[in-house]
Every structure is written in structure tokens, then in C-alpha cells.
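Report on the structure
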Amino acid sequence: MPYDLNVKGFKHPFRVASVRMEDGSHIYLGLSERDELRVLRNLRFRFFCLWLLIVLFGFAIVFYATRRMLNYVREITEAASRIGQSDLSSRVPTNKRNDEVGHLALTLNHMLDRIESSMHQLHTITESLAHDLRSPLTAIRGKLEIVLSGDLKVEQSEPIVSAIDELDRLTEFLNTSLDVAEAKADALRLSRTEVDLDELLRVMIDLYEPCMSEKGLRVDLRSAGPVMVQADAALLHRVIANLLDNELNHLPAACTVSIRLGASENTVILTVEDDGPGFSSEIGLQMFEQRVKGRDSKGRGLGLAFVEAVVRAHGGSVTASNPRQGGALLTINWPRAAGETVDAPHSLRLVAGR
């Protein structure tokens, strides 16, 4: 049996075999292992290079396939993010590949088709409902005005004037209820334009100041200057009107309404604070729900619900609280650009009744 033998003075070992002769001597045959070790080193190096090539080739295939798939997923994500509440006609891109991502894109498009159909049905129902209800109300109001234009005594005309006022309030209640319902369903149609919120606040305060002064209320506005936002001008106008109506209808005399307008790079912060009795503790977290109001409130419970619905439809958020020093604090975070969203904690801390 051959065996390895290290010989002093030689770098590589020898493979040695020996045989015993009849006279008791031995014959040794030795072969250097230098060539075998060189072959093993070459094979080891080549196997390592082949393994490295296979790993790099597999990494390149996986990287290319993953990158291609993720690029397609990113295109789907970007397209889905561009589909807004008022633009449901867009669809995510699809390809001819019969893979999981392609099936996901087709599923999203089918879902968007159903959502668009549902929104169209909702708009149709609300428009039909509004038309069917407004028409008789308008007809009744017209007949009352015709009767009022005749020769009537004062005691006869007063009930007719009161009835016309009630019809106007009922029409406003109908319009607001439908708008809140659409906004809660994320179906409110927005016509966004660039609006200067500072200018709008000043115009609305000038409009409400005579009524507030007559009631003994004072309005204090502090603004950082012109603040431009992308919003539906008509809805934003109604939001500010609802906020001021809320203060006018619920604050006692000799109170102060402080309005603060600030802006950051992406967000506009509007705070409305007063030193009145604060929000009622009985309405709790349902403050922004429809037809929820305090026990002593004379409103219909739609003002704050409409404000929250419109702000949320624009991607903003509303928080309400009763500060420790008293009064009520309402904070609106409004995104400056269309498509942005603002998240804020929905905190309510209520102690005494409005």
C-alpha cells in the first residue's frame, strides 16, 4: 500500500511504495505529488470561478426579473395614486404577461369599473332626489310669494313670510345633507382652483362682522399673509361660512372669536378658537356626524359634519377640543396642493356644553 512521505529538503511530499526482497532488503519507489497538487489547485480555482459565474449570472437574472416586476408595480401604484375622487375614469396600466402582477392590474381595473359605476349611480340618485324635492319646494315657495304680493294685512302676511323662511331653510338643509352624504361616500365632485384663503377669510369676516357686532361678539384674525390652496372655491366658501355661523349661533354675548391662519411648505393650518362654554360633552366623538348636536343647540347638526366632510374630501383633517382655559378649539389641516393628504390625530377633549 502506498503512503505519503515527507523528505527533508523537498517542498512537496512523495507517494512511496515499497516491496520486501527475499534477502530481507527493501526496494522503495517514490513519486513526487507536485503535479497532482498542481492539478488539484487548478481544479479548485476553476470550480470557484465557475461557482462565482453561476452565482453572478443567477443574481443578474433575479435582479432583472425583480426590477422589471417592481417597475411595473410602481407604475400601477403611481397610476392608482393619480386616480382621485373626481377622476375615476383612469385605469392602471396592464400588459400581456399572464402573471400575478398582470392579474393584479386587471383586478384593480375591474374594481375601479365597479367603483365608477357605483359613483355614477350615487350621483344619479342624489341629483334625481334633489330635483324631485326641490321642484315642489320651489313651486310652493312661488305660490306663497304670489299670495304675499297681493293685498294682505300684516297679520295675514306674517305666517306666509315665516313659511317662506322655513322653505328656504329646508332647501338649505336638503342641499347640505346631500353634499355631506356624497362627501362621506367619497363621491363629492370637486372643481379645484387656486384660492387665496387669507383673502377669503377677510371677505367672510367683513360679511359676518355686522351680525357679530350686533350680538356683542368680537372677531380677531391673525394671518401670515396670502395663503394659496388648491380647493373647490364654492365648498371652501361654505366651510368658512359654517364655521362663522357656528360661532354666531352658539356663543353668548361678549365673547371673542380668534381665527389663526398659518402655513408650512405642504400644509395650511386654520384654527378657530373662542372663549365661550365649549363643545358639549354629550355629543362626544360623534361631533362630526350628521344631525348630532348639543341639547340646547337650535341648529340641525350639519355644520361641523359638512366641514369635516369637505375637508376630508380635499385630503385634510379636522380636530376639535375644549382647551383647559375654556372655550372651544377647532383646527383644520388643509393640504396646499391637490393630491396630497394630511393626517392629524382625531382628538376630542370635551368638558362643558355648547
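Residues numbered from 1 in each chain as written. Predicted model: local features only at pLDDT ≥ 70, side-chain atom pairs only at ≥ 80, totals over all residues. Heavy atoms only, no water.

The chain appears in an unreviewed UniProt entry as histidine kinase from Tunturiibacter gelidiferens. Under the UniProt heading Subcellular location (unreviewed entry), the note attached to the chain is "Membrane". Within the UniProt record for the chain, the comment given under Catalytic activity (unreviewed entry) is "ATP + protein L-histidine = ADP + protein N-phospho-L-histidine." (UniProt positions renumbered as here; feature names shortened; annotations may be inferred.)

A few words on helix H4 (residues 197-215). An ideal rise of 1.5 Å per residue puts 27 Å on 19 residues; H4 measures up with 26 Å between its terminal C-alpha atoms. A bend of about 45° at Glu209 is the largest found in H4, and the proline Pro210 appears one to four places after it. What H4 keeps buried is the set Leu197, Asp198, Leu200, Leu201, Met204, Ile205, Tyr208 and Met212. In this fold, the buried residues of H4 make contact with strand E4 (192-196), strand E5 (218-223), helix H5 (233-250), strand E7 (256-263) and strand E8 (267-274). (Helix = DSSP H or I, 4+ residues; strand = E, 2+ residues; numbered from the N terminus. Expected span 1.5 Å × (residues − 1). Bend = angle between axes of the 7 residues up to and from the residue. Buried < 20%, exposed > 50% of the residue type's maximum accessible area, 1.4 Å probe, protein only. Contact = heavy atoms within 4.5 Å.)

This part is about H5. Compared with an ideal rise of 1.5 Å per residue, which puts 18 residues at 26 Å, H5 spans 26 Å between its outermost C-alpha atoms and is within 8% of the ideal. Residues Leu235, Leu236, Val239, Ile240, Ala241, Asn242, Leu243, Leu244, Asn246, Glu247 and Leu248 constitute the buried set of H5. Here H5 starts with a cap whose side-chain oxygen sits 3.1 Å from the backbone nitrogen of Ala234, and that cap is Asp232. (Polar contact = N/O pair within 3.5 Å; in protein donor to acceptor, adjacent residues only side chain to side chain.)

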